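What follows is each chain in one-letter form.
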Amino acid sequence: MTIREAINKGAIELKVKNIDSPKLKARLLMQFILNETRQYLVVYDKKQITQQQEENYFKAINKLTKGIPIQHITHSQEFMKLNFYVDNNVLIPRQDTEILVEEVIKIAKKINAKKILDLCTGSGAIAISLAKMIENSQITATDISREALKIAQLNSRKNEVENQIIFVLSNLFEDLGKEKYDIIVANPPYIKRKIIKTLDKQVQKEPIIALDGGIDGLDFYRKIIHQSYEFLKYKGYLCLEIGYDQKDEVIELINNEKKYIKTYSKKDLYDNDRIVITKLGD
Ligand SMILES: C[S@@+](CC[C@H](N)C(=O)[O-])C[C@H]1O[C@@H](n2cnc3c(N)ncnc32)[C@H](O)[C@@H]1O
């Protein structure tokens, strides 16, 4: 079978099972199996693949038809133009979260922030991108999952920022000590518990502790907003990713604390409310 024939057959199998972007995924899987670039596939599309490659390719196609995310097969996801190892212990970093990282970089440059805390770090996508893009920054990254932290550490080595990040196994702030930060950033679990069952098959293959925000989806915001002021320097910033329908509730939680000022939100590329930023002050 040639490369082109295999990709076409793979794409049809994906389409029949209603997997989105079948052509793209069939091609990406072939790149992964052959360990070659997109250009290679275009130039050598009539090249025969070996029987072993064909077998591996259609095994991977079969996994995709069962709802396994392509990133769990290729073990990679791009975020902020960096490459991250991912598996089923971490949330696959989302493009939406780049809005949060870009805003934090802007704030960090404005206030010359050096100490940043990334709560709920998962794959380390946020912490590592910040370490890479903010000069001389010292990042602390926490997660309650030992497996996730191991992956975040691996990603910090992969992206050569391991010296800038301290990883702490911690239930939110619990094991953090007394240090104060210029910025606290978090993309916590924020899906309403009941909704999780109704999400795409692929999303359901991601760790439940990365998704479950409690009955109303706001459990983590309540805790983070209530505790952050103890860990922020005066005039430090709290930067949160939110679900598309959580802006008003999260801003209400912030206002109820009466410790934060200058709260604002921003939308993502699809015009959904995506981040809320606030500042410790009076
Ligand atoms: C939505 S994921 C975000 C991952 C990553 N920051 C990102 O943006 O791609 C949430 C993360 O919170 C972690 N988590 C869940 N409960 C936690 C807790 N009580 N304390 C710290 N981290 C927690 C999960 O293990 C998961 O890695």
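Residues numbered from 1 in each chain as written. Predicted model: local features only at pLDDT ≥ 70, side-chain atom pairs only at ≥ 80, totals over all residues.

**Things to note about the overall build of the chain**
Counting its secondary structure elements, the chain contains twelve helices and nine strands. Radius of gyration (C-alpha) of the chain: 21 Å, near the 19 Å computed for a compact globule of 282 residues. Dimensions of the chain, computed from C-alpha atoms along their principal axes, come out at roughly 70 × 40 × 30 Å. In the chain, once contacts between residues fewer than 6 apart in sequence are set aside, the share between residues at least 24 apart is 66%. (Helix = DSSP H or I, 4+ residues; strand = E, 2+ residues; numbered from the N terminus. Rg over C-alpha atoms; globule rule 2.2 N^0.38 Å. Contact = placed C-beta atoms within 7 Å.)

**Here's the deal with the environment of Lys262**
Within the element layout of this structure, Lys262 appears in strand β8 (residues 260-267). C-alpha separation for the pair Lys262 and Glu36, spaced 226 residues apart in sequence, amounts to 49 Å. With residues up to four places along the chain from it excluded, the contact list for Lys262 reads Thr278 and Lys279.

**Remarks on the environment of Lys25**
If you trace the backbone, Lys25 turns up in helix α2 (residues 22-34). Contacts of Lys25, omitting those with residues within four sequence positions, involve Leu14, Ile19, Leu64 and Ile70.

**Structural notes on the packing of α2 against helix α4 (residues 51-65)**
Remark: α2 packs on α4, axes separated minimally by 10 Å, with the N-to-C direction vectors making an angle of 135°. Put simply, α2 runs oblique to α4. Of the two possible hands of crossing, α2 and α4 adopt the one that is right-handed. Contacts between α2 and α4 pair Lys25, Leu29, Met30, Ile33 and Leu34 from the former with Gln53, Asn56, Tyr57, Ala60, Ile61 and Leu64 from the latter. Classifying every residue of the contact of α2 with α4 by side-chain character gives eight nonpolar, two polar and one charged. (Axes fitted to C-alpha atoms, helices over the stretch in contact; angles between N-to-C directions. Parallel < 35°, antiparallel > 145°, perpendicular 65-115°, else oblique. Left-handed = near helix turned anticlockwise from the far one by under 90°. Nonpolar A, V, L, I, M, F, W, Y, C, P; charged D, E, K, R; others polar.)

**Focus on the site of the ligand**
What surrounds the ligand is a group of 22 residues, the closest being Cys120, Gly122, Ile144, Asn187 and Ala210. At the level of elements, α7 (125-133) and β4 (138-143) are the ones that each hand at least two residues to the shell around the ligand. Its residues assigned to classes, the shell around the ligand comprises 13 nonpolar, eight polar and one charged. (Near = placed C-beta within 6 Å.)

**Observations concerning the domain arrangement of the chain**
On domain assignment, one finds that the chain holds domain 1 (3-66) and domain 2 (77-280). On a C-alpha basis, the centroid separation for the pair domain 1 and domain 2 is 34 Å. (Domains from an automatic or database assignment.)

**Structural notes on the sheet that holds β4**
Taken together, seven strands build an open sheet; the order of strands is β5-β4-β3-β6-β7-β9-β8 and the sheet is mixed. Bordering the open sheet on either side are β5 (165-169) and β8, each of which pairs with just one other strand. Each neighbouring strand pair of the sheet contributes to a mean axis angle of 15°, computed without reference to strand direction. In this structure, strand β3 (residues 115-119) lies alongside strand β6 (residues 181-186), joined through four bridges in parallel fashion. Along β6, the bridge assignment pairs Asp118 with Val185. (Pairing = 2+ DSSP bridges.)

**Overview of the nonpolar core**
Core analysis: the largest hydrophobic core is formed by 59 residues, its most contacted members being Ile183, Ile184 and Cys239. Among the elements that line this core, the one with the most residues is α7, at six residues. Leaving out residues up to four positions away in the same chain, Cys239 has contacts with Leu100, Glu103, Val104, Ile183, Val185, Ile275 and Ile277. By size, the runner-up hydrophobic cluster in this structure holds 16 residues, among which are Ile7, Ala11, Ala60 and Leu64. (Core = buried A, V, L, I, M, F, W, Y, C linked by C-beta atoms within 7 Å. Buried ≥ 20, exposed ≤ 12 C-beta atoms within 10 Å, placed from the backbone.)

**A look at the environment of Glu55**
Following the sequence through the fold, Glu55 ends up in helix α4. Taking the C-alpha atoms as reference points, Glu55 and Pro189, 134 residues apart in sequence, are found 37 Å from one another.

**Looking at the pairing of β6**
Of all six residues that make up β6, six are buried, and the element is covered over most of its length. Strand direction decides the pairing type here: β6 and strand β7 (residues 232-241), joined by five bridges, are parallel. Bridge pairing in β7 places Tyr181 opposite Leu232.

**Structural notes on the pairing of β5**
Here five bridges tie β4 to β5, and the two strands are oriented parallel to one another. Looking across to β5, one finds that Ala141 is bridged to Phe167. Between the parallel pair β4 and β5, the chain is carried across by helix α8 (residues 146-158), and the sense of this crossover is right-handed. (Right-handed = clockwise from strand over helix to strand, strands pointing away.)

**Details of helix α1 (residues 3-16)**
Given a rise of 1.5 Å per residue, 14 residues ought to cover 20 Å, and the 20 Å separating the end C-alpha atoms of α1 matches this to within 8%. Taken residue by residue, α1 has Ile3, Ala6, Ile7, Gly10, Ala11 and Leu14 as its buried positions. Mapping the buried residues of α1 onto a view down its axis gives an arc of 130°, with all of them on the same face. Turning to α1, the residues buried within the fold contact α2, α3 (38-43) and α4. (Expected span 1.5 Å × (residues − 1). Arc of directions from axis to C-beta.)

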